[in-house]
Amino acid sequence: MKQLIFICIIILEFSCTDYGVVKNDHQNDYKNRCKIEFLGKKEVPADDETSVLSNYIQFVDTKKMPNTFAALNEYSNSIYYYDYDSLKIRTVVHYEKEGANGVGLIQGFCYLNPDSIFVFCENMQTVYLTNEKAQVKWRKLIPAQAIGGPDFMPALPYLQTTSPLKYVDNKLVMQGGNTETLYETATNSPITSIYDIEKDTVFFANNYPEQYYKYNWGDWAYKFPYYDLNERKKLLVISFPQDHFLYVYSIINGECLKYYAGSRLIKRINAYDEKKEFIPYLNDARIKDWYYSNPSYRTVIYDKYRRLYYRIGLLPREEKMKGFYNMKPSVLIVLDDGFNYLGEALLPDDVDLWTTECFVSKEGLNIQVLTDDEDFYTFYQFKVRIEE
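My aim in this report is to walk through the structure given alongside it, one point at a time.

Parameters and conventions
- Residues numbered from 1 in each chain as written.
- Predicted model: local features only at pLDDT ≥ 70, side-chain atom pairs only at ≥ 80, totals over all residues.
- Heavy atoms only, no water.
- Helix = DSSP H or I, 4+ residues; strand = E, 2+ residues; numbered from the N terminus.
- Rg over C-alpha atoms; globule rule 2.2 N^0.38 Å.
- Buried < 20%, exposed > 50% of the residue type's maximum accessible area, 1.4 Å probe, protein only.
- Areas by Shrake-Rupley, 256 points an atom, 1.4 Å probe, with all protein chains shown as cover.
- Core = buried A, V, L, I, M, F, W, Y, C linked by side-chain atoms within 4.5 Å.
- Pairing = 2+ DSSP bridges.

### Thoughts on the overall build of the chain
Consideration 1: Within the chain, the secondary structure is distributed over four helices and 26 strands.
Consideration 2: For the chain, the C-alpha radius of gyration of 22 Å lies close to 21 Å, the compact-globule estimate for 388 residues.
Consideration 3: Dimensions of the chain, computed from C-alpha atoms along their principal axes, come out at roughly 85 × 50 × 40 Å.
Consideration 4: For the chain, the residues scored as buried account for 53% of the 388 residues in total.
Consideration 5: For the chain, the accessible area works out to roughly 18,400 Å², and carbon and sulfur atoms hold 50% of it.

### Thoughts on the nonpolar core
Consideration 1: Core analysis: the biggest nonpolar cluster contains 63 residues, and Trp217, Tyr310, Leu332, Val334, Leu365 and Ile367 have the highest contact counts within it.
Consideration 2: Judged by nonpolar contacts, the second largest core, of 30 residues, contains Tyr95, Phe109, Val119 and Val127.

### As for the pairing of strand S21 (residues 308-314)
Consideration 1: Among the seven residues of S21, seven are classified as buried, and the element is accordingly described as predominantly covered.
Consideration 2: Pairing of strand S20 (residues 296-303) with S21, which is carried by six bridges, proceeds in the antiparallel orientation. Paired with Asp303 across the strands is Leu308, a residue of S21.
Consideration 3: Pairing geometry for S21 and strand S22 (residues 330-336), over seven bridges, is antiparallel. Its bridge partner lying in S22, Arg311 is registered against Ile333.

### Here we look at unusual backbone geometry
Consideration 1: Look at Gln125: it is not a glycine, yet its phi comes out positive at around 50°.
Consideration 2: Position of Gln125 relative to the elements: it lies in the loop between strand S8 (116-121) and strand S9 (126-130).
Consideration 3: One non-glycine residue, Asn206, adopts positive backbone phi at about 70°.
Consideration 4: Along the polypeptide, Asn206 turns up in the loop between strand S14 (201-205) and helix H3 (210-214).
Consideration 5: Residue Asn206 is classed as buried on the basis of its relative accessible area, which comes to 12%.

### Side note on the pairing of S9
Consideration 1: Of all five residues in S9, five are buried; the element is thus mostly enclosed.
Consideration 2: Side chains Thr126, Tyr128 and Thr130 project from S9 onto one buried face, and the interleaved Val127 and Leu129 project onto a second face that is buried too.
Consideration 3: Alignment of S8 against S9, held across five bridges, turns out to be antiparallel. From the neighbouring strand, Ile117 faces S9, where its bridge partner is Thr130.
Consideration 4: Counted along the chain from S8 to the antiparallel partner S9, the turn is four residues long, and its residue Gln125 has a positive phi close to 50°.
Consideration 5: Where S9 meets strand S10 (residues 136-141), five bridges bridge the pair, whose relative direction is antiparallel. Bridged to Tyr128 within S10 is Arg139.
Consideration 6: The hairpin turn running from S9 into S10, its antiparallel successor, is five residues long, and Ala134 in that turn takes a positive phi close to 65°.

This is the structure:
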């Protein structure tokens, strides 16, 4: 009889184990001290050659280019720089695709000064140093594709607004994401490429957390990691969609630490499939149902003016959101400069916030709003208030 009871206990414990689930064990550990204030709407006029649905926008604030909204025009292979006060165009830099100054089709850029503008061509996996006249000074192939294989699979850099090209300490930082594969381990699939300009070397860092090589997360797009850079501290801050923590990599010493940055509204995240196996053809209806019924995290962005970190979480779809592009309500999570949780607040759900198209300006957090008006980039501006 004792043996039978022992077996029953084992079976019970085994059956209660949650496989394919990422739990939030700190959901109620912290006090919410945040309130979000809506500051207003800002509209940046776009010319006839510009689509406001750009996948790469940045905010530039340097001595030579202060308080500037910068946007990539993929149609004309150009970068538009707007004065964010007057909303007028400061300058437009048009790049050739071929020839001595050809850079291919630009996917992203990093502005330092008029003589140093880095641009990246994803098709050729090449970064170029250019100037404001679109002249190429040098080019560098990022070798992730050439050295990749089943034993070592660095992600190809893939730039977008919230996974940008960054410069720090004479290094260029880029990030990408890997698709589902049976060969992924804890060490063989780094997502970050760092090019040391002075040494002319590329090294790779930051693998996916454990749940990504244990379970199936549907496809490349659903597990794509976002990041931002704290240039003052030289810290690379990564937000994985299905992880309640932020992963912080030091450019200085290569150390990687993680800090809790989950939402009180996100208790658990279920994997697409608890079995890590190759699925050649995904069930489109099933994967959409999984995505919209599950929460996840997206953008992380550093506010250098207020020394805060913002992380955006997406909640399960509500019926009233079905007509929106995003289709999921969103929550803004706030951490201080030392990665201490300060609180969170829901973002408005009566507009279609494009939560991956955002940046921080002196006024506050700017998130693009999708509207039917194609003549303007439309942004909602928010300011976070911390209760003492």
